[in-house]
Amino acid sequence: SYASAYKAAMYQNITVPNGTYTLSAWVKSSGGQKAANIFAKHFGAGEMDRAGNQSIGTWTKVGISGITVTNGSIQVGVASDANPGNWVNVDDFELVQTGQ
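Residues numbered from 1 in each chain as written. Predicted model: local features only at pLDDT ≥ 70, side-chain atom pairs only at ≥ 80, totals over all residues. Heavy atoms only, no water.

A. Molecular detail of the packing of aromatic side chains. Taken as a whole and assessed by the stated rule, the structure comprises zero aromatic pairs. A cation over a ring is seen here: Lys 41 above Phe 39, with NZ or CZ 4.8 Å from the ring centre. (Phe/Tyr/Trp six-rings, centres within 6.5 Å; stacked < 30°, edge-to-face > 60°. Lys NZ or Arg CZ within 6 Å of the ring centre and 35° of its normal.)

Okay, here's the thing in structure tokens:
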């Protein structure tokens, strides 16, 4: 864990067919962050988030459904605005098209 407050983000830009998607990932978290989210943005509408700033002691699958891509691309990732000692682990992102 970190000795001082920090902000961090990791993301990937993906070209996809327009349609409706669900983003999911497996998350563990110390909790206590000012913000810790998986996110989807730059898909033709406002950013959509799923909070992970509560304590999650075991790997837990979290998701964001109803993401409507209208511009042929999407950015997915994780961002954290954390206090000293906070951490968040994220693994196995999955983006699945659920509709046209």
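Having seen the structure, we can now continue with the description.
B. Main features of the environment of Met 48. Mapped onto the fold, Met 48 is located in strand 4 (residues 48-51). When the C-alpha atoms of Met 48 and Ile 67 are compared, they prove to be 7.7 Å apart, with 19 residues separating the residues in sequence. Excluding its chain neighbours within four sequence positions, the residues that come into contact with Met 48 are Ile 38, Phe 39, Ala 40, Phe 43, Ile 64, Ser 65, Gly 66 and Ile 67. (Helix = DSSP H or I, 4+ residues; strand = E, 2+ residues; numbered from the N terminus. Contact = heavy atoms within 4.5 Å.)

C. A look at the sheet that holds strand 3 (residues 35-41). Read from one edge to the other, the open sheet built from four strands follows the order 1-6-3-4, with strand pairing classed as antiparallel. Every interior strand has two partners, whereas the edge strands, strand 1 (6-15) and strand 4, have only one. Between one strand axis and the next, the sheet turns through 15 degrees on average, direction left out of account. Sheet topology places strand 3 next to strand 6 (residues 73-82); seven bridges connect them, and they run antiparallel. (Pairing = 2+ DSSP bridges. Axes fitted to C-alpha atoms, helices over the stretch in contact; angles between N-to-C directions.)

D. Seen up close, the side chain of Ser 24. Looking at the secondary structure, you find Ser 24 in strand 2 (residues 19-29). What makes Ser 24 buried here is its relative accessible area of 8%. With residues up to four places along the chain from it excluded, the contact list for Ser 24 reads Lys 61, Val 62, Gly 63, Asp 92, Phe 93 and Glu 94. (Buried < 20%, exposed > 50% of the residue type's maximum accessible area, 1.4 Å probe, protein only.)

E. The arrangement of the nonpolar core in detail. Among the nonpolar cores identified, the biggest contains 15 residues, and Leu 23, Ile 38, Ala 40, Phe 43, Ile 67, Val 69 and Ile 74 are the most heavily contacted of them. Listed by contribution, the elements that provide at least two residues to this core are strand 2, strand 3, strand 5 (56-69) and strand 6. A total of five residues in this core trace back to one element, the largest contributor, which is strand 5. Not counting the four nearest positions on each side in its chain, Ala 40 is found in contact with Leu 23, Gly 46, Glu 47, Met 48, Ile 64, Ile 67, Ile 74 and Gln 75. (Core = buried A, V, L, I, M, F, W, Y, C linked by side-chain atoms within 4.5 Å.)

F. Just the layout of surface pockets, in detail. Of the pockets and cavities examined, the largest pocket occupies roughly 390 Å³. Ala 9, Met 10, Val 78, Val 88 and Val 90 are, among the 20 residues lining the largest pocket, the residues nearest its centre. Broken down by secondary-structure element, the contributors of at least two residues to the lining of the largest pocket are strand 1, strand 6 and strand 7 (88-99). Looking at the lining of the largest pocket, the element that brings in the most residues is strand 1, giving seven residues. (1 Å grid on protein atoms, 1.4 Å probe; cavity = no way out; pocket = protein on both sides within 12 Å on 5 of 7 lines; lining within 4 Å. Points joined across faces, edges and corners; volume = space filled by probe spheres on them.)

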